[in-house]
Amino acid sequence: MKNGVTSSGRQRWRCRCGASQTNRKHGKTRIAQFTQFQSYLAGKYSQREIAGNTARTLRRSWAWCWTVPIPPLDVTGEVYEQVFIDGIYLAYGWCLIIARNSEHVISWQWCTRENTASYQALLTTIAPPDVVTTDGDAGALRAIKDLWPDTKVQRCLLHVHRNNIRDLTRHPATEAGKALLGLSKKLLSITTLTQAAAWEKLLIETHTHYEAFLKERTYARDVPRTQRRGNKTWWYTHERDRRVHMRLAHLVRENVLFTYLGTNPVSERTTNPIESLNARIRSLTNQHRGLSETHMLTMIDWYLYTLTENPRPATQILTNWNQEGQPVKTLIPTKRRVTNTHQDTGIPVHYDTALTAEEGLWTRKGWAGRSQ
């Protein structure tokens with residue numbers, strides 16, 4: 001309730017507990033500012049396009065919005081039929097790994113690279129689903145095996161096919177390579193368990209027919225010194241063809257190629273649902289390029305939060321924030337790019353990379369004679 005004004009004329013508000021404070025009541029203006037701020041983060045328009053020639057005023061009105069923390073995600077313990085996990089590398093050396101189902105974002109984790117620890121931090125907040133689809137990252141597979149041992153794995157078939165093309169090229173020179181490329185293409189058109197069984201039979205027949213070819217060896221003593229491979233005494237002559245065959249055979253043994261056919265209804269066989277999300281994040285960072293490291297992370301956090309199943313409206317977010325005493329968003333510490341190798345000997349450093357006032361190298365701010 002209102003409780004008079006301060007000496008400067010600012011409205012004073014009294015809480016039910018008896019405490020009296022100023023600037024604690026969020027009216028329609030702040031709600032409108034925060035709603036516009038969220039729309040800007042998730043949209044494609046620049047600040048100048050939103051505010052015209054008053055972009056600086058707009059930034060001042062949004063300054064407090066960057067400090068609002070994202071509400072905690074609701075941990076419901078719901079068991080999803082299928083979960084997609086994948087990582088994307090962004091500016092400032094950050095990696096973002098995301099988990100989502102077919103409709104909503106479930107959770108995400110910031111890290112420096114995709115590894116087992118990063119994926120474990122992501123998966124611990126999610127109940128083990130029926131099926132998890134991944135592109136085959138080694139860290140993700142180890143985390144799934146440790147935390148979700150009973151969950152079936154579906155390898156993204158598009159990633160498998162791309163890996164095969166990387167080894168074979170689109171126009172293989174050998175007959176074995178052509179046969180393996182044909183098998184890889186057929187992998188993308190299988191829709192029934194009968195077709196899957198026929199494909200596995202073709203893989204066995206290919207191995208039988210080209211077994212001797214795939215086992216051919218080249219010995220270092222038979223080639224010029226310039227063509228030798230380090231200290232190796234021999235290597236497989238057709239390594240790329242052999243690698244593709246070994247990859248397909250390994251995935252069949254692991255039973256991760258046709259998991260999507262054993263569900264009812266048939267689940268997704270690729271990571272396209274999360275790849276499209278990664279593409280949108282990449283587009284946002286390009287459309288809002290120039291953001292600082294902290295602002296970039298905040299932008300992506302708010303965008304992902306709006307894609308969760310039950311995002312709170314701006315009014316509720318600000319109300320809860322006000323009731324909690326307006327805590328400031330916890331920022332992710334900036335990673336150090338350069339390690340200081342100087343030893344602390346007590347002797348002043350005469351030549352270093354720090355900015356000093358004597359050299360006139362302070363960061364300059366303010367008007368620089370620009371008309372706009």
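Further up the page is the structure itself.
Residues numbered from 1 in each chain as written. Predicted model: local features only at pLDDT ≥ 70, side-chain atom pairs only at ≥ 80, totals over all residues. Heavy atoms only, no water.

> Honestly, the overall build of the protein chain in this entry has me stumped. Any pointers?
The number of helices and strands found in the protein chain is 12 helices and 10 strands. Burial statistics for the protein chain: of 372 residues in total, 38% are counted as buried. Only carbon and sulfur atoms are counted for the fraction: they give 51% of the accessible area of the protein chain, which is about 23200 Å². (Helix = DSSP H or I, 4+ residues; strand = E, 2+ residues; numbered from the N terminus. Buried < 20%, exposed > 50% of the residue type's maximum accessible area, 1.4 Å probe, protein only. Areas by Shrake-Rupley, 256 points an atom, 1.4 Å probe, with all protein chains shown as cover.)

> Even after reading the chapter, I still don't get the nonpolar core, so can you show me in this structure?
If you look at soluble globular proteins, the nonpolar side chains tend to sit buried side by side. Counting 38 residues, the largest nonpolar core has I85, L187, I190, W199 and F258 as the members making the most contacts within it. The residues contacting L187, other than those within four sequence positions of it, are L157, V160, W199, L257, F258 and R269. Counting 37 residues, the second-largest nonpolar core is a separate cluster that includes W64, W94, L277 and W321. (Core = buried A, V, L, I, M, F, W, Y, C linked by side-chain atoms within 4.5 Å. Contact = heavy atoms within 4.5 Å.)

> I keep staring at the pattern of salt bridges and nothing clicks. Help me out?
For side chains of opposite charge, pairing can occur when their charged atoms come near one another. Applying the stated criterion across every chain yields a total of seven salt bridges. Among the ionic pairs, R240 bridges to D167, the shortest N-O distance being 3.7 Å. On the criterion of sequence distance, the pair formed by R240 in helix α9 (residues 239–254) and D167 in helix α6 (residues 157–168) is long-range, its members being 73 residues apart. The salt bridge involving R229 is made with E239; its shortest N-O contact spans 2.7 Å. With R229 in the loop between β9 (217–219) and β10 (234–236) and E239 in helix α9, this pair connects stretches of sequence that are 10 residues apart. One network of salt bridges, with partners in common, ties together D167, R240, R243 and R247. (Salt bridge = Lys/Arg side-chain N within 4 Å of Asp/Glu carboxyl O.)

> What's the story with the sheet that holds strand β8 (residues 152–155) in this structure? I'm lost.
Strand pairing in a sheet takes place through backbone hydrogen bonds and is either antiparallel or parallel in direction. Ordered by their spatial adjacency, five strands build an open sheet running β6-β5-β4-β7-β8, and the pairing between neighbours is mixed. Strand pairing shows two members of the sheet lacking a second neighbour, β6 (105–111) and β8, which therefore form its edges. Strand-to-strand twist of the sheet, defined as the mean angle between neighbouring strand axes without regard to direction, takes the value 20°. In terms of strand pairing, strand β5 (residues 95–100) meets β6 through six bridges, oriented antiparallel. Its bridge partner being in β6, I98 is matched across the sheet by W108. Contacting β5 and β6, helix α11 (residues 293–306) runs over the sheet at an angle of about 165° to β6. (Pairing = 2+ DSSP bridges. Axes fitted to C-alpha atoms, helices over the stretch in contact; angles between N-to-C directions.)

> When you look at unusual backbone geometry in this model, what are you seeing that I'm missing?
Among all residues except glycine, the phi angle is most often negative; among peptide bonds, the trans geometry is most common. The backbone of N255 shows a phi angle near 60°, a positive value even though the residue is not glycine. The topology assignment puts N255 in the loop between α9 and α10 (272–287).

> Would you take a moment to explain the pairing of β8 for this structure?
Across a regular strand the side chains alternate sides, sitting on one face of the sheet and then on the other. Here strand β7 (residues 131–134) pairs with β8 via four bridges, running parallel. Residue pairing in the sheet places T134 in a bridge with R155 of β8.

> Help me understand the pairing of β5, please; the structure alone is not making it clear to me.
Taken across its six residues, β5 has six buried, putting it largely inside the fold. Burial along β5 is two-sided: the face carrying C95, I97 and A99 and the face carrying L96, I98 and R100 are both buried. In this structure, strand β4 (residues 82–89) lies alongside β5, joined through six bridges in antiparallel fashion. Bridge pairing in β5 links Y89 to C95.

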